[in-house]
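A closer look at the structure
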Amino acid sequence: DQQVKQNSPSLSVQEGRISILNCDYTNSMFDYFLWYKKYPAEGPTFLISISSIKDKNEDGRFTVFLNKSAKHLSLHIVPSQPGDSAVYFCAASGNDYKLSFGAGTTVTVRA
Amino acid sequence: DAGVIQSPRHEVTEMGQEVTLRCKPISGHDYLFWYRQTMMRGLELLIYFNNNVPIDDSGMPEDRFSAKMPNASFSTLKIQPSEPRDSAVYFCASSLFGTGSYNEQFFGPGTRLTVL
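Residues numbered from 1 in each chain as written. Chains lettered and ligands numbered in written order. Predicted model: local features only at pLDDT ≥ 70, side-chain atom pairs only at ≥ 80, totals over all residues. Heavy atoms only, no water.

All right, on to a nonpolar patch on the surface then. Residue and element names in this part refer to chain A. On the surface, a cluster of nonpolar side chains totalling about 220 Å² of accessible area is made up of Ile18, Ile20 and Val78. Locating Val78 in the fold gives a position in the loop between β8 (72-77) and β9 (86-93). The exposure class of Val78 is partly exposed, given its relative accessible area of 41%. (Patch = residues over 30% accessible without salt bridge, like charges linked within 9 Å, V, L, I, M, F, W, Y side chains within 5 Å. Areas by Shrake-Rupley, 256 points an atom, 1.4 Å probe, with all protein chains shown as cover. Salt bridge = Lys/Arg side-chain N within 4 Å of Asp/Glu carboxyl O. Helix = DSSP H or I, 4+ residues; strand = E, 2+ residues; numbered from the N terminus. Buried < 20%, exposed > 50% of the residue type's maximum accessible area, 1.4 Å probe, protein only.)

Next up on the list: the interface of chain A and chain B. Interfaces are often sized by the accessible area lost when the parts come together. Taken together, the contacts link 20 residues of chain A with 23 residues of chain B. Across the interface of chain A and chain B, roughly 1800 Å² is buried in total on both sides, 58% from carbon and sulfur atoms. Looking only at chain A, the three residues that lose the most surface to chain B are Tyr97, Lys98 and Phe101 of chain A, adding up to 38% of its buried area. At the boundary of chain A and chain B, one finds 1 salt bridge. A salt bridge links Lys98 of chain A to Asp56 of chain B; its shortest N-O distance comes to 2.8 Å. Linking chain A with chain B are 3 residue pairs in polar contact (both at pLDDT 80 or more). Of all the secondary structure elements, the ones that give two or more residues to the side of chain A that touches chain B are β4 (32-38), β5 (45-51), β9 and β10 (99-101) of chain A. Residues of the side of chain A that touches chain B, tallied by class, amount to 10 nonpolar, 6 polar and 4 charged. (Contact = heavy atoms within 4.5 Å. Buried area = accessible area lost by both parts, 1.4 Å probe. Polar contact = N/O pair within 3.5 Å; in protein donor to acceptor, adjacent residues only side chain to side chain. Nonpolar A, V, L, I, M, F, W, Y, C, P; charged D, E, K, R; others polar.)

Here it is in structure tokens:
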């Protein structure tokens, strides 16, 4: 039972353009959301997070938007760079300190 | 800090053999997590510990899987006997409650397990 869903398995974007990754969740008890980035042969690394009391959080080129009513969040990368090519995982947590992950979206940034 | 350390990085074994995966969390972290990544199920939590005590093992697929944390700096995930469907990448992660981004977990590089 996937509580966190990333429906786009892959995304290709030109360098300098915006990358938009989407994530949907079903559990209304989730109150904290994170994005992780993963390169091949490495473990996932934390990228950015957002609490359910906010609707936007920005960190440099990365911005996460949360729409609680729609149970939807998105990650914007502007501008996209070749080093951003990786797999991006959306994750969510409630009060039990566990993370539920989506299946991931593979981003390819074309030169 | 060296980060989360996992060994071995790759393991190839035959069906029926015992497999032991090892993890050294970041020093001072009080939570340790074991995950499995497969194409079919993505990244799924198997078990997690708090202060060396198992808190939730509901993600452990079968009795063939067991995990221990004898001290704050070491944990093992054991599969006995192993089966081909156990082939996956196994990640260990650790975190420190109350610091940094809430629930930020630091992952190790993973162990790629292949059961023939």
